[in-house]
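The residues making up each chain are set out below.
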Amino acid sequence: FVASCSMDHTCKLWDLAKHKCRLTLRGHVDSINALTFQPFSNNICTCSGDKTVSLWDARTGLCIQTFYGHLNSCNHVAFNLRGDTIASTDADGGVRLWDVRMVQERLQVNA
C-alpha cells in the first residue's frame, strides 16, 4: 500500500496491486501537507493546514486522536523509531513533540 495526502483535505490509501483507492481518510478542514506511517502499527499520522496533527487507523479509516497546539499551518510530521513520539513542524519553523500514549505535548521549540 501507498498513502497520499492532498489539497482536497483527504489522505488516500492506495492498493498498488489492484490499482485503486482502498480507503479515504476525511476529517481535516484544510490541506493535508504530509503523512507518515507509525512504526510497528497500522496507523497513519497526518499534518494539515488546519494546524492539527491527526493519527488514523489505516484499517478502518477512523481518526484515533487529533493533537492541537500549532499556531500555524503544519508542514511535516515524523515518528521516532519506537513510534511513541510524533514530531511536527509548522510554517513559522516551530517544532512540537507529541506523546502518542499520553496524548499530550512533550516539547515545544519556537524558531
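Worth saying up front: this structure is predicted, and the values here are computed from it rather than measured.

Participant: Sorry if this is basic, but what is going on with the overall build of the protein here?
Facilitator: Secondary structure assignment for the protein yields zero helices and 11 strands. Reading the protein from its N terminus to its C terminus gives the helix and strand order β-β-β-β-β-β-β-β-β-β-β. Compactness check: the protein gives a C-alpha radius of gyration of 13 Å against a globular reference of 13 Å for 111 residues, within 12% of the reference. For the protein, the C-alpha atoms occupy an extent of roughly 45 × 30 × 20 Å along the three principal directions. The burial tally for the protein puts 41% of its 111 residues in the buried class. Accessible surface, the protein: about 6,200 Å² in total, of which carbon and sulfur atoms supply 55%. Averaging the coordinates of the 11 positive side-chain charges in the protein and doing the same for the 10 negative ones gives two points 9 Å apart.

Participant: Looking at this structure, how should I read the nonpolar core?
Facilitator: The nonpolar side chains of a soluble globular protein tend to be buried, and buried together. Ranked by size, the top nonpolar core spans 12 residues in total: A34, C45, C47, V53, L55, F67, C74, V77, F79, I86, W98 and V100. Sorting the residues of this core by element identifies strand 5 (43-48), strand 6 (52-57) and strand 8 (74-79) as the ones contributing at least two each. For this core, the element with the most residues is strand 8, which contributes three residues. When neighbours within four sequence positions are excluded, W98 is seen to be in contact with V53, F67, Y68, G69, H70, D84, T85, I86, S88, Q104, E105 and R106.

Thresholds, definitions, all that
- Residues numbered from 1 in each chain as written.
- Predicted model: local features only at pLDDT ≥ 70, side-chain atom pairs only at ≥ 80, totals over all residues.
- Heavy atoms only, no water.
- Helix = DSSP H or I, 4+ residues; strand = E, 2+ residues; numbered from the N terminus.
- Rg over C-alpha atoms; globule rule 2.2 N^0.38 Å.
- Buried < 20%, exposed > 50% of the residue type's maximum accessible area, 1.4 Å probe, protein only.
- Areas by Shrake-Rupley, 256 points an atom, 1.4 Å probe, with all protein chains shown as cover.
- Lys, Arg positive; Asp, Glu negative; His and termini not counted.
- Charge placed at Lys NZ, Arg CZ, Asp CG, Glu CD.
- Core = buried A, V, L, I, M, F, W, Y, C linked by side-chain atoms within 4.5 Å.
- Contact = heavy atoms within 4.5 Å.

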